[in-house]
There are 2 protein chains.
Amino acid sequence: MPDDLTLSHPLDAALRLEALGEGRFRGRTSPAYWNMAGPFGGITGALMLKAVLDHPQRRGRPVALTVNFCGAVAEGEFQIAVSLMRDGKSTQHWNVEMRQEGRGVATTASAVTGAERETWVHQAATPPVVPRPEALARMDLTGRTGWLHQYEMRYATGEPRWTPRTVPEVRSGLSQMWVRDVPNRPLDYPALAALSDSFIIRLLVVRGDLPPVATATLTTYFLANPAGLERQGAGYLLGVADTKAFQHGFHDQSAELWSEDGELLAVSHQVVWFKQ
Amino acid sequence: MPDDLTLSHPLDAALRLEALGEGRFRGRTSPAYWNMAGPFGGITGALMLKAVLDHPQRRGRPVALTVNFCGAVAEGEFQIAVSLMRDGKSTQHWNVEMRQEGRGVATTASAVTGAERETWVHQAATPPVVPRPEALARMDLTGRTGWLHQYEMRYATGEPRWTPRTVPEVRSGLSQMWVRDVPNRPLDYPALAALSDSFIIRLLVVRGDLPPVATATLTTYFLANPAGLERQGAGYLLGVADTKAFQHGFHDQSAELWSEDGELLAVSHQVVWFKQ
């Protein structure tokens, strides 16, 4: 008999959490979303959000998620503890901690969930004008392992060049790409949380080489409501990422995730530690 | 004899914390930084950061601060508890909670502090070109109370119009302003944390009216090192703020804070709840 893990999407397998009661959950790291020295940060963020969504007291939909990557996550089992810090009429505030046996706190997070309500709507920003995904080449991942294979990425501009630079050169940090899960999967909030970290570290895009780096903290604001995610379905998202400054061992990075029909689904921001 | 509170800057008076040991601190809300229904969010953020900086185990300088405004802060005493979640070589991760007697958790925060290290420097973004502060009118605060009076603001563009709109109109959410503490005060990280929330809620700028609103969560990345803050001293900061989308009861808002000589000192992002 096939293991039921083999029947589900790799994302759903990676996000499987066993409820232990009192806001505690148990899960396992996923080989499919492995990065160089630990899990892909996006999958860790999605797990922190999934635990909030699975909490019996949770009302409303995700509005904001901040994930602090405190230390390395080792391959294997982890526990996630979710605490409702404040239960308000319009918003709930959550704290989340991921621990591993004998290793202390690996990841902390805070999340805001918000009551569904219709209000004034005004989208001030507009998506960039880029060719349709079908007109763009899929990023070549030959020889690349890990989480990158869980996404289909089609760059309109700013595709990272993976070869170590020989001539020093500083490039723009702007990337615009179509992106979706592999295989296609209807969008939900955990998937959107993971996608918000699917933008290659800007240091690589700008400088061409990649010294030791690690995201220190990642914040995602979910601007779409559940109906907006349903409209998007399993389509391509249009991602835009850029950076403003690299100095004193850290750089910032911001991203937008647009629906295929031009709705801003989420924005995200992170600060990245780099060694040199 | 004058109370020593009267001898210090209002910001330093507002940020005064009494150490109670084991990472706990006691303070009082400041009338000078009062907002409509509670303290100015920036002063609350600055207090959460100040408590981290005052923690005996803290090494390095602030890199990131996320402040979650969970519930109303009442006038009077509060306690702040700081926990070192993970102590790494390059970064320390902190959790912070502000409580008031009999009222539960008012505010949570997470912070990252980072070791000082010189690395590659590249400022990809550039400050906007605006007239010098002396050439711009100071924002008229006649009839306005509270925290706004603790800042000198000189708008180059996007000054909020405080009159309720009669003709429906949607304006740009972009503001560019020179801003500094009143009275002038040498910049430090808590002051920068407060300044990162000194941008009027974009809903007012865009729509002209102001229904009930509240920042749900605010994240600031400190890109400057202590030497950068020292270079800035008590000069004007150039602030830029904008927004991308208003929908389903929330809107995003982002800001940049530039030094007087064009260094990007901090970026900040927030999501704002609004009623209608």
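Scroll up a little and you will see the structure.
Residues numbered from 1 in each chain as written. Chains lettered and ligands numbered in written order. Predicted model: local features only at pLDDT ≥ 70, side-chain atom pairs only at ≥ 80, totals over all residues.

Undergrad: Can you walk me through the relation of the copies chain A and chain B in this structure?
TA: One copy of the chain maps onto the second through a rotation about an axis and a displacement along it. Mapping chain A onto chain B calls for a rotation angle of 180 degrees and an axial translation of 0.0 Å; the resulting RMSD is 0.0 Å. Taken together, these values place the two copies in the relation of a two-fold axis. When the interface residues of chain A are mapped onto chain B, 100% of them again lie at the interface, so the same face is used by both copies. (Least-squares fit on C-alpha atoms with pLDDT ≥ 70 in both. Contact = placed C-beta atoms within 7 Å.)

Undergrad: Would you mind showing me how to read helix H2 (residues 41–53) of chain A here?
TA: Residue pairs three or four apart in sequence face the same way in an α-helix, which turns once every 3.6 residues. Here H2(A) spans 19 Å end to end across 13 residues, near enough to the 18 Å set by a 1.5 Å rise per residue. Looking only at H2(A), the buried set comprises A:Gly41, A:Gly42, A:Ile43, A:Thr44, A:Gly45, A:Ala46, A:Leu47, A:Met48, A:Leu49, A:Lys50, A:Ala51 and A:Val52. (Helix = DSSP H or I, 4+ residues; strand = E, 2+ residues; numbered from the N terminus. Expected span 1.5 Å × (residues − 1). Buried ≥ 20, exposed ≤ 12 C-beta atoms within 10 Å, placed from the backbone.)

Undergrad: Sorry if this is basic, but what is going on with the environment of B:Glu97 here?
TA: Residues and elements named next belong to chain B. With respect to the helices and strands, the residue Glu-97 is situated in strand E5 (residues 91–100). Here the alpha-carbon distance between Glu-97 and Thr-108, two residues eleven residues apart in the chain, equals 4.5 Å. Setting aside chain neighbours within four positions, we find Glu-97 in contact with Ala-81, Val-105 and Thr-108.

Undergrad: What am I meant to see in the environment of B:Ala245 here?
TA: Note on placement: B:Ala245 falls in strand E12 (residues 245–247). Linking B:Ala245 and B:Trp273, residues 28 residues apart in sequence, is a C-alpha distance of 12 Å. Contact partners of B:Ala245, with chain neighbours within four places excluded, come to A:Gln123, A:Ala124, A:Ala125, A:Leu223, A:Leu264, B:His251 and B:Asp252.

Undergrad: What is the right way to read the interface of chain A and chain B from this model?
TA: One widely used convention gives an interface's size as the accessible area the parts lose upon coming together. Taken residue by residue, the interface counts 54 residues in chain A and 54 residues in chain B. Grouping the constituent residues of the side of chain A that touches chain B by class yields 23 nonpolar, 25 polar and six charged. Of the strand pairs in this sheet, strand E12 (residues 245–247) of chain A and strand E7 (residues 122–123) of chain B are connected by two bridges, and their pairing is antiparallel. Following the sheet pairing, A:Phe246 is matched in E7(B) by B:His122. (Nonpolar A, V, L, I, M, F, W, Y, C, P; charged D, E, K, R; others polar. Pairing = 2+ DSSP bridges.)

Undergrad: Got a minute to help me understand the pairing of strand E10 (residues 213–222) of chain A in this structure?
TA: Within a regular strand, side chains alternate between the sheet's two faces. Residues and elements named next belong to chain A. Of all ten residues in E10, eight are buried; the element is thus mostly enclosed. One ladder, built from nine bridges, connects E10 with strand E14 (residues 264–274); its direction is antiparallel. Within E14, the position partnered with Leu-218 by the bridge is Gln-270.

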